[in-house]
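Descriptive structure summary
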Amino acid sequence: MKSYEEIIKGIEDAELRETPLKFNVGDTVRVSAEIKEGEKTRIQVFEGTVIKVQGHGARQTFTVRKNSNGVGVEKTWPLNSPLVKKVDVVRRGKARRAKLYYLRDRVGKRAKVKEIVK
């Protein structure tokens, strides 16, 4: 008889994406997510800086922050959600820490993350 952990792990492994998304904290990304409004569905694009990636496996999430009309907006998505259609990396950022919470206190040019130039 299987233990509960093995059963849960089997279910979570079935939910993983075939091709994992490749981005890091500090990158500026364009997230295309499916929005359902009643019977209709549409793709909404959200562009901002990745400030946090947490968890692992099927439970992994990422948070993107942008400034919209002077107001900071953050959205968190499950990394393996079927509602997240694609994540395009606009530019690579150089981050020296895992969580960029300090960007919440900054506005304008100070809220930028340095770009990695290759």
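Everything discussed here concerns the structure shown above.
Residues numbered from 1 in each chain as written. Predicted model: local features only at pLDDT ≥ 70, side-chain atom pairs only at ≥ 80, totals over all residues. Heavy atoms only, no water.

1. Thoughts on the sheet that holds strand β2 (residues 40-54)
The sheet built from five strands is open, its strands ordered β4-β3-β2-β1-β5 with antiparallel pairing. The open sheet has two edge strands, β4 (71-78) and β5 (84-91), and neither has a second partner. The sheet shows a mean angle of 40° between the axes of neighbouring strands, direction not considered. (Pairing = 2+ DSSP bridges. Helix = DSSP H or I, 4+ residues; strand = E, 2+ residues; numbered from the N terminus. Axes fitted to C-alpha atoms, helices over the stretch in contact; angles between N-to-C directions.)

2. So, the layout of surface pockets
The volume enclosed by the largest pocket comes to roughly 320 Å³. Of the residues forming the lining of the largest pocket, the biggest block, three residues, is contributed by strand β3 (residues 61-68). Looking at the lining of the largest pocket residue by residue, the classes come out as four nonpolar, five polar and seven charged. Roughly 160 Å³ of volume is contained in the second largest pocket. The class makeup of the residues in the lining of the second largest pocket is two nonpolar, no polar and four charged. (1 Å grid on protein atoms, 1.4 Å probe; cavity = no way out; pocket = protein on both sides within 12 Å on 5 of 7 lines; lining within 4 Å. Points joined across faces, edges and corners; volume = space filled by probe spheres on them. Nonpolar A, V, L, I, M, F, W, Y, C, P; charged D, E, K, R; others polar.)

3. Comments concerning the pattern of salt bridges
Enumeration over the complete set of coordinates arrives at 10 salt bridges. For Asp-27, the salt bridge goes to Arg-92, with nearest N and O atoms at 2.9 Å. Here Asp-27 is found in the loop between α1 (4-14) and β1 (28-37), whereas its partner Arg-92 is found in the segment after β5, with 65 residues between them in sequence. The exposure class of Asp-27 is buried, given its relative accessible area of 1%. (Salt bridge = Lys/Arg side-chain N within 4 Å of Asp/Glu carboxyl O. Buried < 20%, exposed > 50% of the residue type's maximum accessible area, 1.4 Å probe, protein only.)

None of this, on its own, says anything about what the molecule does.
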